Amino acid sequence: MRNTISTRPLFELSFPGRRAAMLPDCDVPEQELSSLLPEKSLAEKTAPLPELAEGDVVRHFMNLSTMNMCVDTHFYPLGSCTMKYNPKRHERLSRTHGLGDLHPYARPEDSQGMLHLLYELQEMLGEIAGLPAVSLQPAAGAQGELAALHLASAYFKSKGENRTKVVFPSSAHGTNPASAALAGFDCVQLEPSENGLVDPDDLLKHVDEQTAVFMITNPNTLGLFEKDIAKISSILHDVGGLVYIDGANMNAILGITRPGDFGGDMMHYNVHKTFTGPHGAGGPGAGPIAVRDFLADFLPGPVVTKSEEDGADIYRLTTPSRSIGRMRSFFGNVGILLRGYFYLRTLGAQGLRDVSEHAVLNANYLKARLSDVLPVPRGEFCMHEFVASARQLKDAHGITAMDIAKRLLDFGFHAPTVYFPLVVAEAMMIEPTETESKETLDAFVEAIQTIVKEDASFLHEAPHSTIIRRPDEVSAARNPLLNWQACVKD
Amino acid sequence: MAYLYNTPEQQQQMLDVIGVESIDQLLTQVPKELQLDRPLDLPAPMTELALEQHVGKLAAKNNVDRVCFLGGGAYDHYIPSVIDELASRGEYYTAYTPYQAEASQGTLQAFFEYQSLICALTGFDVSNASLYEGGTAVSEAAFMAMRVTRRHGKVLISEGVHPEYRHVLETYVRNLETEVVTIPTVNGTTDLAKAKELIDDQTACLIFQQPNFFGCVEDGEELCKIAKEHGALSVVSFDPISLGVMKRPADYGADVAVAEGQSLGVPLQYGGPYLGILACRNDYVRKMPGRLISMTTDRNGKQCYVLGLQTREQHIRRDKATSNICTNQGLLALRATFYLSLMGPEGMREAAELCCQKAHYAADQLTKIDGVDLMFETPFFKEFTLRVEGGAEKFLKRAAAAGFDLGPELSQFPQAPTSVQDGVLVAVTESRTKEEIDALVAALA
C-alpha cells in the first residue's frame, strides 16, 4: 500500500515549531552576535526551510525511495551506461575509519595509507589502459575529456604548434563536442560509413596539420569494435595529432585489448560505469585520465608519487612539472575512486577479463534472441552492447522504440537507451552487462516478444502500471516549475 | 566468478543460441594483432575478508584520531545518523539518472525538493540539481556570466576566494581569450578601491567568497553594487552553514550564488565527492549549466516531476551546449536535502551560532598565547587566520603531538598572496567543545 501522505511535497509536510536535529547548548561564554559579525551582514530572519520531525524526514524519503527503479531491484539494460551490480562490500569499506573521515588537508605523513591506495589505483589504471601516466583528479568522465583536451592543447603549444581542430564521429557521445568547444577547439564531425565504423579513407580527408585530437569511443556507440583503429591512429599520428579514447565502453575490453596498444594517446575512465561506483541517480562519478609517457608532465595535479627513503616507501602529492592545472579543488572524487580500487583488488587480472567476456556473451545472446523482432542493422556480432532498430515495427504496426521502452516498465524492466545513436532509425541501445543471469535475459526477451504483439494504440498509452504515466515534458520545458515556493506564490 | 551468474552449462546454451563455439569466437572482432597476449599485470584477487583486512591496514596508516580544527573549504560538521541511513538505500544510490520519469519519481521529487531547499536557503528563484564541487561551480558560474552578459574578455575574482577555486578557473579558461584578473585583498578582505579600478565594461562577472578563504566577512552588498554599476554579474561563493545567521546572497544583491555543499551532511572522504551548489535569479534559467528538475503533470493530470530544459544540454546541443557536464552529484545533493530537512530553520541558526561563538572563543584564547595573533582585524564567522611568531611549523607540530590538527597553512597554496604566506587557518565547527579548545590552548601555551 502506498503511503500518499508522506510523499506529499516536503514543504507541505512542514508544521511550525517542529524540530528534528537538536544541537548541544553553547558551552563557551556567549557574546552578542552583532558584536561578532557586522550588523549589515546579519540575516533579519531565518531562512524559510520546512520544519519537520525526524520521523517526518525518514518516512518521507523512505517512501520516495520506493518510487524508483534501481539496479538493486531491477534489470537496467541501458546502452552506454553499464548499469552493473554495485557490490555491497564497497559501501562499508569506503566508510572505514581512516578513509571516509580523512580531511583533504591532512598532512601527507598522516595520509600515507590513503596515498598508497591511490598510488596503487593509478598504477592499475595505467596497466589496464596501456597508458602509464594517470591523474585521478577529474570528477567525471566529461571532466576527464576536458582535462585531456586542455592537456593536448598545452602539449602542442609547448612544441610551438597552435592546432585548432578536434574531430569526432557523429555517433560520439555529446560530451565529446561539448568538451572540445569548452576547451576552445573547433569541432569537426565525421559521418560514419555504411557498416557503422569510422572509415579511414574518409578520416584522411578531415584531418590535417590543424587537427589536434581525434576523439573516438572504442568499442563505438553501436557496440562494434573499430577494427581499423590501428590505421586510424597512424593517420592521426602521421599529421602529428593525438588520439583520444572515450572510455565509456571499457567494460567490453578489459584484459582483451588496451587503448594504449591500439593507438590511443589519452583516455578517460568512467569509474562509476566500468568499476562499479554506483550511479547515485546521476552521480557522483569519477573520470581519471591515462596518457602516454610523453604527455605525463602536462597532467592535471595533484598526482600521487612514490619514492624510497631510508628503505621505506613514501607517498606524496605532486604537481606535474608542466601541469595544465587543477580540474577541481582537493584531490578528486576519492569516495568513488575507492570503490574502483576495491573492485580491481577483488577481481584481479583474470576476473577483469571474465567481466568483459561475460558482458560480450550476454550482449550477443540477447542480440541473437531478439533478432527476429528487433533486428540489429549493423555488425554480425557485437561487443558488450548493441543497437537494435524498431523501424520495421513502426512501419508495419506503428509501434515506436519509445512505446516499447515505456511498456517495458510495466514488465518490471528499465527501458533501454532509445533514439541514440542517431545513425540508427528507432534506435534501442541495449547493454545487459555481465552481472545478469540467463534467466533474467530470457524474461526480458519474452517481455519484448509479448509487447510487439500488443495493440499499437495500447502501447502508445504505456506505461500502464507505474505511479505516473507519460509526463508532460513539453510544458515542463516551456514553463519550467523549478522551486516549490515559487510554484506556491504563482 | 565474482558477481557473475552464468554457469558453464548456461554459457554453452547461450553460445548455441548465438551459433558460435566459444566466447573467443565473439572476440574475433578485435583484430588478433591488437589483442593483449598476456594477462594484465595486476595484484592477485582477494576475497571480501582479505580485502577488508588489507584496507583496514592501509586505513590505520592514516591519522584521523586528532581533534579536527582543519578547514580551508572542507569541515568537520556534525552529520545526523538519518543521513547515512537514508543515503544507503539502494533505491537511491544504485538508481540511474532519471531520464525515465515514470521509473524515477522518488529521485526526481527529492531533487526538486533539493532545488527548493537551496532556493529557500539562498533567497533565489532557481537552483540546479548540483554540480561537481565548489571550485568547478565557480568556473561554471563564470561561463554562465559570459553567456548572460555576452562579455568574454574578462573575469574578476577576489584573492579572498579559495586559491584552489581560482586555480580551477584558470585551468578552465586557459585555452580561451578570457583574462582572469585577481582583485587583491587588504587586511583579509577584497580591496574595494581596487575592485572599482579593475572592473570595466568588458567584465563578465565579479567573483568573491563570503566568508572568504581567510575566514573574513566581506562587504557583500558593496561588491555586488560595484558589479552591477558596470553591468557585470556578481557571483558569490558562500558557506552554506553561515546562512543560519548571515544574510542570504539574494538579499544583499548577488546575481549568482555558488557553494561547496560538503558542510551539508557530506563526509570529508579526502576531498570528494563533494557537492557544487549553484543558484541564481530566474532571468538566467536558460543560461544555467547542469540538470534542472521541473514539476509538471502526467497524462492523467497527476502532479509529477521530470528532467526539464534538456534542450540546453550536451546530448542535444553538443558543441553549443550550456556546459559539458553529464553526471551531477545526485547522491550528495540527496544528502544535502536530508540535512536541510533535518536541520530546519532553527537547526541551521543554532549550528551557525555555535560555530561563530566557538570560533570566537577559540580565537580569543589562542591569541592570549605569546607570539600568536590574528592575522587580520576583520570580523570572521567560523574560521580565522593566525600568525605565529617564528613560523607555524613548530606550533603545528606541538599541536599535533598533543592530539590536535590545525590548518591548512597558507604557504601550501602558491596562489595565496605573499603577505599572508606565514598564516595558518583554524576552523571551529559546532562539533568542537570548550574542553577541546581549552586543551588545545593549554598544549600550545
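- Identification of chain B as Probable glycine dehydrogenase (decarboxylating) subunit 1 from Thalassoglobus polymorphus is taken from an unreviewed UniProt entry.
- Its UniProt record, at the heading Catalytic activity (unreviewed entry), says of chain B: "N(6)-[(R)-lipoyl]-L-lysyl-[glycine-cleavage complex H protein] + glycine + H(+) = N(6)-[(R)-S(8)-aminomethyldihydrolipoyl]-L-lysyl-[glycine-cleavage complex H protein] + CO2".
- A UniProt comment under Sequence similarities (unreviewed entry) is attached to chain B, and it reads "Belongs to the GcvP family. N-terminal subunit subfamily."

- The name given to chain A in an unreviewed UniProt entry is glycine dehydrogenase (aminomethyl-transferring), with Thalassoglobus polymorphus as the source organism.
- Under Function (unreviewed entry), UniProt gives the following word-for-word description of chain A: "The glycine cleavage system catalyzes the degradation of glycine. The P protein binds the alpha-amino group of glycine through its pyridoxal phosphate cofactor; CO(2) is released and the remaining methylamine moiety is then transferred to the lipoamide cofactor of the H protein."
- As recorded by UniProt, the Catalytic activity (unreviewed entry) comment attached to chain A reads in full: "N(6)-[(R)-lipoyl]-L-lysyl-[glycine-cleavage complex H protein] + glycine + H(+) = N(6)-[(R)-S(8)-aminomethyldihydrolipoyl]-L-lysyl-[glycine-cleavage complex H protein] + CO2".

Some details on the sheet that holds strand β7 (residues 289-291) of chain A
All names here are of chain A.
Right, on to step 1. Across the sheet, 7 strands lie side by side as β1-β7-β6-β5-β4-β2-β3; this open sheet has mixed pairing. Here the strands that pair on one side only, and so sit at the sheet edges, are β1 (133-135) and β3 (186-190). Across this sheet, the average inter-strand angle for adjacent strands is 20 degrees, counted without regard to direction.
Right, on to step 2. Bridging between strand β2 (residues 165-169) and strand β4 (residues 211-217) involves 3 bridges; their strand directions are parallel. Its bridge partner being in β4, V167 is matched across the sheet by F214.
Right, on to step 3. Relative to the sheet, helix α8 (residues 229-238) contacts β4 and β5 (242-247), its axis offset from that of β4 by approximately 165 degrees.

Structural notes on the packing of aromatic side chains
Any two aromatic rings considered together are summarised by their centre-to-centre distance and by the angle between their planes.
Right, on to step 1. Evaluated as defined, the whole model comprises 28 aromatic pairs over all chains.
Right, on to step 2. Taken together, a centroid distance of 5.3 Å and an interplanar angle of 85 degrees make the contact between F413 of chain A and F444 of chain A edge-to-face. Here F413 of chain A, found in the loop between α12 (401-410) and β11 (417-418), pairs with F444 of chain A, found in helix α13 (residues 438-451); they are 31 residues apart in sequence, far enough to count as distant. Grouping residues by exposure puts F413 of chain A and F444 of chain A together as buried.
Right, on to step 3. Aromatic side chains Y96 of chain B and Y99 of chain B sit 6.0 Å apart centroid to centroid with 55 degrees between the ring planes, which places their arrangement in the tilted category.
Right, on to step 4. Residue classification places Y96 of chain B among the buried residues on the basis of a relative accessible area of 12%.
Right, on to step 5. Of the residues examined, Y99 of chain B reaches a relative accessible area of 31% and is grouped as partly exposed.
Right, on to step 6. Feature note: the residues Y105 and F330 of chain A together with F213, F214, Y274, F376 and F413 of chain B constitute an aromatic cluster, connected by ring pairs.
Right, on to step 7. One Lys or Arg, K382 of chain B, reaches over the ring of Y75 of chain B and ends 3.8 Å from the middle of that ring.

What counts, and at which threshold
Residues numbered from 1 in each chain as written. Chains lettered and ligands numbered in written order. Predicted model: local features only at pLDDT ≥ 70, side-chain atom pairs only at ≥ 80, totals over all residues. Heavy atoms only, no water. UniProt positions renumbered as here; feature names shortened; annotations may be inferred. Pairing = 2+ DSSP bridges. Helix = DSSP H or I, 4+ residues; strand = E, 2+ residues; numbered from the N terminus. Axes fitted to C-alpha atoms, helices over the stretch in contact; angles between N-to-C directions. Contact = heavy atoms within 4.5 Å. Phe/Tyr/Trp six-rings, centres within 6.5 Å; stacked < 30°, edge-to-face > 60°. Buried < 20%, exposed > 50% of the residue type's maximum accessible area, 1.4 Å probe, protein only. Lys NZ or Arg CZ within 6 Å of the ring centre and 35° of its normal.

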